[in-house]
Amino acid sequence: MDQNIKQRIETIMNNIDQLPPLPEVASKVINMVSNPDVSFKDVALEISKNQAITTNILKLCNSAFFSKGVEITSIDRAIVKLGLKEVKDIVLLVVAKPVLDKPVLGYDLGQGDLWKQGLAVATMARDIAVAKKKKELADVVFTGGIIHNVGKVVIALFVQQAFKQILSLVQTQNIPFNIAEKEIMGYNHQEVGEKILTKWNFPPVLRSIVRFYQDPAGAPPEHMTEVSIVHIANAICLMGGIGIGNDGLYHEIKDEAIKKVGLSQAELEECYTRVPEILKQIRDLQ
């Protein structure tokens, strides 16, 4: 383990102000929508406080990806036509894009690659939840899919410095990239991602997705289904060529995740065939 790198990562993680910021509206809306008694007018008011974000939200509401064929000209109308949970997804897309749209050099991901991969994973995860009649989880796994790799934004610089050591460990010991990250640097990107979501005041289920999406068996039992869905979606998107960086070739779908979600071999194959269509869908949002 490189103690210098480990110390630098700890300094960033312990200094909360150095972690990426996210507009407060995101965590507020996510937590409001989690309350079954929330008033849609209260949600609309919270969103509308930020005019720049509101403008971008309305733009996405009228995109081919989200539009239901009716022009949407206000946040109130967006919630009525699309629903609270879909509007919450759009809010997160708008506020997370500046964080995730940057080049992630340590992982050999260019500008927009991390963002595109997150959106593809989110879309695939939502489709899996709906297909398995777990519609109540669809918006949670969509949100988790968008942000599952957020820790890479912080840790990218350190991966770049330690990449040769990490890759050597992956190849000689035949272990996943994230495990080699921890061996060499003392932390992996999931642990850093969990720290970021704690700063953002995101709900526990989203922190579990970010922390355990590569190791669903380690997730808290109450969140294992959501984590497993994002795990499967992430692996399928990587195998389909979306977001492959330095770590992209060293992932696999865990059998326990497939079992937890209840996917058959035929259903898995159907997911693979969806990758080109998902790529086509998300082009409208980039």
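Residues numbered from 1 in each chain as written. Predicted model: local features only at pLDDT ≥ 70, side-chain atom pairs only at ≥ 80, totals over all residues. Heavy atoms only, no water.

A.B. asks: Honestly, the pattern of salt bridges in this entry has me stumped. Any pointers?
C.D. replies: Any two side chains of opposite charge can pair, on the condition that their charged atoms come close. Under the definition given, this model contains 11 salt bridges. Across the pair E191 and K182 runs a salt bridge whose closest N-O atoms are separated by 2.7 Å. The salt bridge partner of E277 is R274, with a shortest N-O separation of 2.9 Å. What makes E277 partly exposed here is its relative accessible area of 43%. Three or more residues joined by partner-sharing salt bridges are found here, namely K85, K88, D89 and D139. (Salt bridge = Lys/Arg side-chain N within 4 Å of Asp/Glu carboxyl O. Buried < 20%, exposed > 50% of the residue type's maximum accessible area, 1.4 Å probe, protein only.)

A.B. asks: Mind showing me how you'd approach helix α10 (residues 177-185) here?
C.D. replies: Residues spaced three or four apart along an α-helix face the same direction, because each turn holds 3.6 residues. Buried within α10 we find F177, N178, A180, E181, I184 and M185. Down the axis of α10, the sector holding all buried residues measures 155 degrees, keeping them to one side. In this fold, the buried residues of α10 make contact with α1 (3-14), α9 (151-173) and α11 (189-199). One or two residues past the end of α10 sits G186, with phi positive at roughly 90 degrees. (Helix = DSSP H or I, 4+ residues; strand = E, 2+ residues; numbered from the N terminus. Arc of directions from axis to C-beta. Contact = heavy atoms within 4.5 Å.)

A.B. asks: How should I be thinking about a negative patch on the surface in this particular structure?
C.D. replies: Together, D215, E252, D255 and E256 line one region of the surface with negative charge. Structurally, D255 can be placed in helix α14 (residues 255-261). (Patch = residues over 30% accessible without salt bridge, like charges linked within 9 Å, V, L, I, M, F, W, Y side chains within 5 Å. Areas by Shrake-Rupley, 256 points an atom, 1.4 Å probe, with all protein chains shown as cover. Lys, Arg positive; Asp, Glu negative; His and termini not counted. Charge placed at Lys NZ, Arg CZ, Asp CG, Glu CD.)

A.B. asks: How should I be thinking about the packing of helix α3 (residues 40-48) against helix α5 (residues 75-82) in this particular structure?
C.D. replies: Helix packing geometry: the angle between the two helix axes and the distance between the axes. In the contact formed by α3 and α5, the axes pass within 9 Å of each other and the chain directions differ by 135 degrees. Regarding the angle of α3 to α5, the classification is oblique. With respect to the hand of their crossing, α3 and α5 are arranged in right-handed fashion. Residues F40, K41, V43, A44, I47 and S48 of α3 lie in contact with α5, whose contacting residues are I75, D76, I79 and V80. (Axes fitted to C-alpha atoms, helices over the stretch in contact; angles between N-to-C directions. Parallel < 35°, antiparallel > 145°, perpendicular 65-115°, else oblique. Left-handed = near helix turned anticlockwise from the far one by under 90°.)

A.B. asks: When you look at the state of the cysteines in this model, what are you seeing that I'm missing?
C.D. replies: Working definition: the covalent bond between the sulfur atoms of two cysteines is a disulfide. For the structure shown, the criterion picks out 0 disulfides. In this structure C271 is a free cysteine whose sulfur lies 9.4 Å from that of C237, the closest cysteine sulfur available. The exposure class assigned to C271 is buried, which follows from its relative accessible area of 9%. (Disulfide = S-S within 2.5 Å.)

A.B. asks: Any chance you could explain the nonpolar core here in plain terms?
C.D. replies: When a protein is soluble and globular, its nonpolar side chains tend to lie buried together. By size, the foremost hydrophobic cluster in this structure holds 104 residues, and its most contacted members are M185 and I232. The residues touching I232, leaving out its near neighbours within four places in the chain, are I128, I253, A257, I258, V261, L263 and L268. (Core = buried A, V, L, I, M, F, W, Y, C linked by side-chain atoms within 4.5 Å.)

A.B. asks: For this particular structure, what's the right way to read helix α2 (residues 24-33)?
C.D. replies: Counting buried positions over the 10 residues of α2 gives 7, a clear majority of the element. All of the buried residues along α2 are V25, A26, S27, V29, I30, M32 and V33. Considering only its buried residues, α2 is in contact with α3, α4 (51-61), α6 (84-100), α8 (138-147) and α12 (204-212).

A.B. asks: Could you clarify how one ought to interpret unusual backbone geometry in this entry?
C.D. replies: If a residue is not glycine, its phi is most likely negative; likewise, a peptide bond is most likely trans. Phi angles above zero are rare outside glycine, and K133 is one such case at about 55 degrees. Position of K133 relative to the elements: it lies in the loop between α7 (113-131) and α8. The exposure class assigned to K133 is exposed, which follows from its relative accessible area of 74%. Even without being glycine, N174 reaches a positive phi, approximately 55 degrees. The residue N174 is located in the loop between α9 and α10 in this model.

Limitation: the analysis is restricted to geometry and does not speak to function.
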